[in-house]
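Spelled out from the first residue to the last, the chains are:
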Amino acid sequence: MHAFTGKGEKMKKFKIIVSIAICIPVFVPTVILAMLSEIFFLLHLKKAGRAWLYFWLSITIWWIWISFNVKFTVKGRENLPEKGTKVCYVANHQSMMDIPALFGAGLWGGIIAKIELRKVPGLNIIMKELGCVFIDRKDIRQSLKAILKGVDNLNGGLPMAIYPEGTRSRNGEIAEFKAGALKMATKAKAVIVPVAIQNTRVLLEDAFTFRRIPVYVSILPPIDTSLLGEEEMKNICATVEDGIRAEYSKLPAYKKK
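Residues numbered from 1 in each chain as written. Predicted model: local features only at pLDDT ≥ 70, side-chain atom pairs only at ≥ 80, totals over all residues. Heavy atoms only, no water.

A.B. asks: Got a minute to help me understand the overall build of the protein in this structure?
C.D. replies: When helices and strands are tallied, the protein shows nine helices and eight strands. Relative to the 2.2 N^0.38 estimate, which gives 18 Å for 257 residues, the radius of gyration of the protein is 18 Å and therefore close to what a compact globule would have. Along the first, second and third principal axes, the C-alpha atoms of the protein reach 55 × 45 × 40 Å. In the protein, buried positions account for 48% of the 257 residues. Across the protein, every contact between residues at least 6 apart in sequence was considered, and the portion connecting residues at least 24 apart equals 74%. As displayed, the protein offers around 13,700 Å² of accessible surface, 61% of which is attributable to carbon and sulfur atoms. (Helix = DSSP H or I, 4+ residues; strand = E, 2+ residues; numbered from the N terminus. Rg over C-alpha atoms; globule rule 2.2 N^0.38 Å. Buried < 20%, exposed > 50% of the residue type's maximum accessible area, 1.4 Å probe, protein only. Contact = heavy atoms within 4.5 Å. Areas by Shrake-Rupley, 256 points an atom, 1.4 Å probe, with all protein chains shown as cover.)

A.B. asks: Just to check I follow, could you spell out the nonpolar core for this structure?
C.D. replies: One finds Trp65, Phe68, Leu102, Leu130, Val195 and Leu203 to be the most contacted residues of the largest nonpolar core, which totals 48 residues. Counting residues per element, this core draws most heavily on helix 3 (residues 46–67), which supplies seven residues. Here tryptophan 65 is in contact with Val70, Phe72, Met97, Pro100, Ala101 and Leu203, once residues within four sequence places are set aside. If you look at the next biggest cluster of nonpolar residues, it comprises 28 residues, including Cys88, Val151, Ile162 and Leu220. (Core = buried A, V, L, I, M, F, W, Y, C linked by side-chain atoms within 4.5 Å.)

A.B. asks: Which parts of the structure should I look at to understand helix 3?
C.D. replies: Residues that lie three or four places apart on an α-helix share one face, since the helix turns once every 3.6 residues. End to end, helix 3 covers 31 Å across 22 residues, agreeing with the expected 32 Å (1.5 Å per residue, within 8%). Of the residues making up helix 3, those classed as buried are Gly49, Arg50, Leu53, Tyr54, Trp56, Leu57, Thr60, Ile61, Ile64, Trp65 and Ser67. Positive phi appears at asparagine 69, one or two residues downstream of helix 3, with a value of about 55 degrees. (Expected span 1.5 Å × (residues − 1).)

A.B. asks: What is the right way to look at the pairing of strand 6 (residues 191–198) in this model?
C.D. replies: On any regular strand, side chains alternate: one points to one face of the sheet, the next to the other face. Strand 6 sits mainly inside the fold: eight of its eight residues count as buried. In strand 6, alternate side chains face the same way, and those of Val191, Val193, Val195 and Ile197 on one face and Ile192, Pro194, Ala196 and Gln198 on the other are all buried. In terms of strand pairing, strand 2 (residues 87–91) meets strand 6 through five bridges, oriented parallel. In the strand pairing of strand 6, alanine 91 is matched with valine 195. Pairing of strand 6 with strand 8 (residues 223–224) involves two bridges; the strand directions are antiparallel. The residue bridging valine 191 from the neighbouring strand is aspartate 224, located in strand 8. (Pairing = 2+ DSSP bridges.)

A.B. asks: Would you mind showing me how to read the pairing of strand 3 (residues 110–114) here?
C.D. replies: Where strand 3 meets strand 5 (residues 160–162), two bridges bridge the pair, whose relative direction is parallel. Counterpart to glycine 110 in the pairing with strand 5 is methionine 160. Judged from the three bridges that link them, strand 3 and strand 4 (residues 133–135) form a sheet pairing that is parallel. If you follow alanine 113 over to strand 4, its bridge partner there is phenylalanine 134.

So yeah, pure geometry; function would need other evidence.
Structure, rendered in structure tokens:
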């Protein structure tokens, strides 16, 4: 993690302000247009609604990469399961930019998100249409309901995405995956697709340069939980964590020069 003091902290703030200022002209109308997907859902045209939503959000993500001067690279697309597969994407969590990275790689789905995001106007509607599940970590009963909601989404054909660390990394290192984080995927007997994301932290949390930042998303071979034995199921969280850690260490990290 980079320690920002004095000039470094000013550079970070300046970069973020400039990047966000460039984003706004496209972000605001795109969010409004994406919210129109609600009309499709009200008419029970879910596939059309999601196609409309993904299209406009793709434009926003493309503009985010331009605004933050990102070179975006996706590896391992050949590991993606066939369309229609019950799939749960599992990724490490370094930054707020991990969600654009996941979606920018074409890994669309509902996100397990903290309940506070439900109060953000505009964003809460988009997250609802994406099939996101809001979770209150302080309320065990509500957390269990959120897991079951995620299971229903998976069984209904909607991909889901999980960041098993539970929160963004505080130091740039991958934190230990939470016990039971993959319960939603295993209960639905879904295919788990591990994903390693590198360098998103340099865009916001550890911003220190205006140089071009290479952001990597690496899609690892899928794990079909419906085919796992009892012992393999017990160790699934550790197996996925080890795989993501190993891949993350291979992806070139952008260092401060």
